[in-house]
Amino acid sequence: MGKYIGESIPRMESFEKVTGTARYVHDMALPGMLYARILTSPHAHARIVNIDVSKAEKLPGVKAVLVGSELPYKLGLYLVDKDILAKGKVRYQGEAVAAVAAVSEEVAQEAIDLIDVEYDVLPAVFDPVKAIEGDAPLVHEDLGSYDYMKGVFHPVPNTNIANHFKLRKGDVEKGFKGSQHIIENQFTMPQVGHSPMETHGVIAEWLPGGRINIYTSAQSPFAVRNLMSVAFNIPHSKIHVVVPYVGGGFGGKAGIHLEPLAACLSKKAGGRPVKIVARREEEFNTIPCRQGLVARIKTGVSKEGRIMAQEITYYWDAGAYADYGVNIGRASGYSGAGPYDIENIKLDSYTVYTNHPFGTAYRGFGHVEFFWAVERQMDIIARELGIDPYEFRMKNLLKPGSITITGEKIRENTGRVDKCLKMAAEEIGWGKKKTEAERIKELKEGRVTGRGIAVLHKAPAMPTFTSSSAVIKFNEDGSVNITTSGVDYGQGTYTALAQIAAEVLKMPLEKVNVVWESDTDTGPYDWQTVASRFLLMGGNAVINAALDLIEQMKEVASAVLRAPKEELEIGDEKIYIRHNPDEFLTYRQVAMGYCYPNGNAIGGPLIGRGKYIAQGLTNLDPETGQGLPALDWTYGAHGVEVEIDIKTGEINIKKIVSVFDVGKVINRILCEGQVTGGVVQGVGTALYEGYVYSPDGRLLNNSFTDYKIPTAMDIPEKVKPLFVETPQLDGPFGARGVAEHPMISVNSAIGNAIYDALGIDIMDLPITSERVWRAIQDKKTV
Ligand code: SMO
């Protein structure tokens, strides 16, 4: 390998970010810009009897007031079930009901306070298990009429079931009959907020000529453009979306959010630009969150510790609208039993409407939630059998030759989950048992330690039409600019793409620039930065664009140097004749001397979906869920050591080892950074985070005072990222994605370590100190 692949190169934009010069939507203002505020519902479920906006409209400085009944558009990703502003009824507390654009945010807020809404409160439903019972109030009365993705998503009419994903393999009844032990448990996880540093923000102008300009904090300009186009029935050519720097997304900025509302306000205000920025409490209440989950798992195992059968039901608390929830239900269906070799399986994954704020994508796309259940269950089973949890997993994990639950055969070059687990276990000191003396000493001191392990996997949950592209353009001096419309919202992927380009083009990294602003008018197509796919797909696009650029250079050089293309080589920013290296052109000469004068800037346009043939990959059989669900899988494992103060229940994470088979590390420091960030976010959902509601469905902890995310104080003493490198055949330099994975299974590894320390099984997240303390009081086994 050359100079750059695998190196720890600091991210390119660090200086701009730490000096405050990086420009975010929050920083931007356009001439004549108006500021918008929204009025949200105080009720979880209520009919809107009347909205009186007359006083608001008369307030000086108010330029537009909007209510739902004025807007004939419908929104939705897979099920089109949402209005821009609530119409007829509200379905969650925090739902936007009316909006005002005015000359200042203060005036807009004053106008909002003058709007009177009369509600008729309706019975509500909050528990996804209760919500699918026959007598539950319906969140949507008209389900079933918006089946969008060719029947792939199935709302069940006259129920709250937005989607039912089924996986069937083998014969579970037979498997249970042949089992020595049958172990059944329920695990839960609450809804969780993304908490990006930059809340959602957008500036939109709907120009009188019909064109819409949007500057937004989103995960993809093209996804925003497409969803706007679908919602308003306007061609892509009339919509322009720009995404500048983005301060974190984590899945919460996939899709569209405030963009349609800002555009409609602008239209009503005669085309003046309108800015909406979500306040922190709106980021919790109004903007979607991670779905909650109730998971029931029944596992049959043989005496020897082989899993014979498994029956799983996932009840997803999707909240009031389906958004990504239906696809999360699906993705967590086809990967929802973990990376295990299980012959007989029956899995049902229900995405259920409730009167909670609605759920969307969040780092891990469902896997953080269900792996809490799967990987806790594995430890509980191992204990029941009297087998070491590590040995039990090793007996059942997928290995080359095994068949996955969707019927895919594991190949030699697939990532290796067993290797990840082995490395994590070794590094955490697995198997080192406490002596009786140590145990007594710990109890005396009141601080008990324990170790836990957990594995994970995830594949990119992507429809087949997803692709990335890149354009590499020579500047006149032979340096290059890369345009890609994938959004780097903090991962460091642009730096990795620059490394890949410098490597392939054999030129210094300093001469490679990745253009930061993603723009649908000028940028090449990219689906979205989601699903840990950007390095994999964008990296391939950059490689292909660089190869195309080299081909074009060779054509020029062949004519100038009078040598056949096949005899030309590149290196050291030159293109030369292999057998006569003194005969060369520099990149600068190629760029300036031969191309620009002819009006022909060399630049490789690229070339769709990289090397993948994605056809049919997400076309699983609707009755059995069998088929090829994804392009690739990234596997991993965590090992943790915790220390618990038995007087307070306080959990101190002393060490987390996280191992991932990333295929090939492109940039070590950024890869480690990605893992460390994911692990800390995983610790947050494991120990602290979760939406808490009043009985009538009001979110009680919608601020960082009441909703605790990890701070510097809560970061584990040691986070150790390690990598296995089984090359992905068709990944860039063999790499595969690792963006979401570090967050998955952190919760279960911690839960398992708590059992190891205290002999207490925690089944519900978050594992707060209070929960642990109460469990200690109840159990008194320690
Ligand atoms: S959870 Mo992500 O933005 O695929």
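Procedures and definitions
- Residues numbered from 1 in each chain as written.
- Predicted model: local features only at pLDDT ≥ 70, side-chain atom pairs only at ≥ 80, totals over all residues.
- Heavy atoms only, no water.
- Axes fitted to C-alpha atoms, helices over the stretch in contact; angles between N-to-C directions.
- Helix = DSSP H or I, 4+ residues; strand = E, 2+ residues; numbered from the N terminus.
- Parallel < 35°, antiparallel > 145°, perpendicular 65-115°, else oblique.
- Contact = heavy atoms within 4.5 Å.
- Pairing = 2+ DSSP bridges.
- Left-handed = near helix turned anticlockwise from the far one by under 90°.
- Nonpolar A, V, L, I, M, F, W, Y, C, P; charged D, E, K, R; others polar.
- Salt bridge = Lys/Arg side-chain N within 4 Å of Asp/Glu carboxyl O.
- Buried < 20%, exposed > 50% of the residue type's maximum accessible area, 1.4 Å probe, protein only.
- Expected span 1.5 Å × (residues − 1).

1. Observations regarding the packing of helix α10 (residues 367-385) against helix α11 (residues 389-396)
Line of reasoning, step 1. Packing of α10 against α11 leaves a shortest axis separation of 9 Å and a crossing angle of 110°. Judged on the interaxial angle alone, α11 and α10 are roughly perpendicular. Contacts from Glu375, Met378, Asp379, Ile381, Ala382 and Leu385 of α10 reach α11 at Pro389, Phe392 and Arg393.

2. Topic: the sheet that holds strand β2 (residues 46-52)
Line of reasoning, step 1. Ordered in space as β4-β2-β6, the three strands form an open sheet in which the pairing is antiparallel. The sheet is open, and its two edges are formed by β4 (89-90) and β6 (116-121), each paired on a single side.
Line of reasoning, step 2. The sheet contact formed by β2 and β6 spans six bridges and is antiparallel. Its bridge partner lying in β6, aspartate 52 is registered against aspartate 116.

3. Re the packing of α11 against helix α12 (residues 417-428)
Line of reasoning, step 1. Taken N-terminus to C-terminus, the directions of α11 and α12 make an angle of 165°; their axes are 10 Å apart at the nearest point. With respect to each other, α11 and α12 are oriented roughly antiparallel. Relative to α12, the crossing made by α11 is left-handed. Contacts between α11 and α12 involve Tyr390, Arg393 and Met394 from the former and Asp418, Leu421, Lys422 and Ala425 from the latter.
Line of reasoning, step 2. Its residues assigned to classes, the contact of α11 with α12 shows four nonpolar, no polar and three charged.

4. Structural notes on the pattern of salt bridges
Line of reasoning, step 1. Tallied over the full model, the rule gives 40 salt bridges.
Line of reasoning, step 2. As a salt-bridge pair, aspartate 526 and arginine 533 come within 3.3 Å of each other at their nearest N and O atoms. Residue aspartate 526 shares its accessibility class with arginine 533, and that shared class is buried.
Line of reasoning, step 3. It is possible to trace a salt-bridge network through shared partners that takes in Arg447, Glu643, Asp645 and Lys654.

5. Points about helix α18 (residues 746-758)
Line of reasoning, step 1. Taking 1.5 Å per residue, 13 residues should reach 18 Å; α18 reaches 18 Å between its end C-alpha atoms and fits that length.
Line of reasoning, step 2. Extensive coverage of α18 is indicated by the burial of eleven of its 13 residues.
Line of reasoning, step 3. All of the buried residues along α18 are Val746, Asn747, Ser748, Ala749, Ile750, Gly751, Asn752, Ala753, Ile754, Ala757 and Leu758.
Line of reasoning, step 4. Looking one or two residues beyond α18, the residue adopting positive phi is glycine 759, at roughly 70°.

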